[in-house]
Amino acid sequence: GNSVTQMEGPVTLSEEAFLTINCTYTATGYPSLFWYVQYPGEGLQLLLKATKADDKGSNKGFEATYRKETTSFHLEKGSVQVSDSAVYFCALSDHSSYKLIFGSGTRLLVRP
Amino acid sequence: GAGVSQSPSNKVTEKGKDVELRCDPISGHTALYWYRQSLGQGLEFLIYFQGNSAPDKSGLPSDRFSAERTGGSVSTLTIQRTQQEDSAVYLCASSSRKTSGSVAEQYFGPGTRLTVT
């Protein structure tokens, strides 16, 4: 069945450091891929998405590229801020079932 | 405009009691989803409603769980004879009808934190 694997946290970085959170997936067909973010005390928000191979999703300085050959969708940001501290979830949705399959989440802590 | 709302925000119940959790989706959204977020299992899909179609109940963990959606809008998730392992945050999401070639974004509510003592 479909599944998503992402790196375990917590990830602790200093402000302005480079961020990578790895995400790989297993799916039949061609799923859409998402990164959701959950800030402390808040609900899940869509951060970015990509719907086909080689698409790059981007938002708020974050980027992720849909790599079909490596079944990956790694999240990157060139310079993190304290306000980026949150839990990040990688997810996929195939075009038949619509439901989201989530990874386990990665907690990011950015220190000033 | 208003986002997805859920009530109550917190619910503490005794083992064996029934609970009802409510979700108000974004107006006009035809699809509604329930997920569960727990420490041991992460984020899991529970059930999906799309318009007047039969719901996809494939994620419900047991027959103690049921959900309905009245009038294509508000949804209620009911857990009967609650157990301690039901303790989790229950999240509701809604989306508009999927457009051809893409997957409609799901908008999440703040969740209901359920604690079974």
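Note that residues are indexed from 1 along each chain, following the sequence as it is written. Lettering for chains starts from A, numbering for ligands starts from 1, and both go in the order in which the items are written. Reporting of local features is limited, given that this is a predicted model, to residues whose pLDDT is at least 70; pairs of side-chain atoms are given and counted only at 80 or more, and all residues count toward the totals for whole chains, interfaces and linings. In computing side-chain values, all of the structure's heavy atoms are included and hydrogens and water are not.

Caption draft 1: Broad picture of the pattern of salt bridges. Salt bridges are defined as contacts in which a side-chain nitrogen from Lys or Arg sits within 4 Å of a carboxyl oxygen from Asp or Glu. A complete count under the given rule lists six salt bridges over all chains for this structure. Two residues, A:K77 and A:D84, come together in a salt bridge whose shortest N-O distance is 2.8 Å. Neither residue differs from the other here; A:K77 and A:D84 are each classed as buried. Two residues, B:E44 and B:R36, come together in a salt bridge whose shortest N-O distance is 3.1 Å. Under the scheme applied here, a residue whose accessible area is under 20% of the maximum for its type counts as buried, over 50% as exposed, and between as partly exposed, the area being computed with a 1.4 Å probe on protein chains only. Overall, the relative accessible area of 22% leaves B:E44 in the partly exposed class.

Caption draft 2: Expanded view of the sheet that holds strand 7 (residues 75–79) of chain B. All names here are of chain B. Read across the open sheet, the four strands follow the order 1-3-7-6; overall the sheet is antiparallel. In this open sheet, the two strands that pair with only one neighbour each are strand 1 (5–7) and strand 6 (65–69). Ignoring strand direction, the axes of neighbouring strands in this sheet form an average angle of 15°. For two strands to be treated as a pair, DSSP must find no fewer than two bridges joining them. Labels follow the DSSP assignment, with helices taken as runs of H or I lasting at least four residues and strands as runs of E lasting at least two, numbered in each case from the N terminus. Inspection of the sheet shows strand 3 (residues 19–24) paired to strand 7 by five bridges, in the antiparallel sense. When the sheet's bridge partners are listed, V19 is paired in strand 7 with I79. Angles run from 0 to 180 degrees between N-to-C directions of axes, and those axes are lines fitted to C-alpha atoms, restricted for helices to the stretch in contact.

Caption draft 3: Summary view of the environment of A:A86. Residues and elements named next belong to chain A. Inspection of the secondary structure puts A86 in strand 10 (residues 86–93). The sequence separation of A86 and G41 amounts to 45 residues, and the corresponding C-alpha distance is 9.7 Å. The contact criterion used throughout is that any non-hydrogen atoms of two residues lie within 4.5 Å. Ignoring sequence-local partners within four residues, the contact set of A86 consists of V37, Q38, Y39, P40, T106, R107 and L108.

Caption draft 4: Seen up close, the interface of chain A and chain B. At the junction of the two partners, chain A supplies 16 residues and chain B supplies 16 residues. A quick way to say it: buried area is the sum, across both parts, of accessible area lost when two parts are put together, with a 1.4 Å probe. Both sides of the chain A and chain B interface together cover about 1,500 Å² of buried area, and 62% of this is carbon and sulfur. For chain A, the biggest contributors to the area lost against chain B are A:L44, A:Y98 and A:K99; these three give 35% of the whole. Run the count over chain A and chain B and you get zero salt bridges. Polar contact criterion, stated in full: a pair of N or O atoms within 3.5 Å, where within protein one must be able to donate a hydrogen and the other to accept it, and residues adjacent in sequence count only if both atoms are side-chain atoms. Linking chain A with chain B are five residue pairs in polar contact (both at pLDDT 80 or more). Those elements that provide at least two residues to the side of chain A that touches chain B are strand 5 (32–38), strand 6 (44–50) and strand 10 of chain A. In terms of residue count, strand 5 of chain A provides more of the side of chain A that touches chain B than any other element does, four residues in total.

Caption draft 5: Layout of the packing of aromatic side chains. Residue and element names in this part refer to chain A. Stacked, edge-to-face and tilted are the three classes for Phe, Tyr and Trp ring pairs, Trp counted by its six-membered ring, which pair at centre distances within 6.5 Å; planes under 30 degrees apart are stacked, over 60 edge-to-face, the rest tilted. Counted by the stated rule, this structure contains 13 aromatic pairs over all chains. Centre to centre, the rings of F34 and Y36 are 6.2 Å apart; their planes meet at 40°, and the pair counts as tilted. Comparing F34 with Y36 shows no difference in burial state: the two are buried. Seen from their ring centres, F89 and F102 are 6.2 Å apart, and the 85° between their planes marks the pair as edge-to-face. Of this pair, F89 sits in strand 10 while F102 sits in strand 11 (residues 101–102); the two residues are 13 residues apart in sequence, bridging distant segments of the chain.

These values are about where atoms sit, not about what they do.
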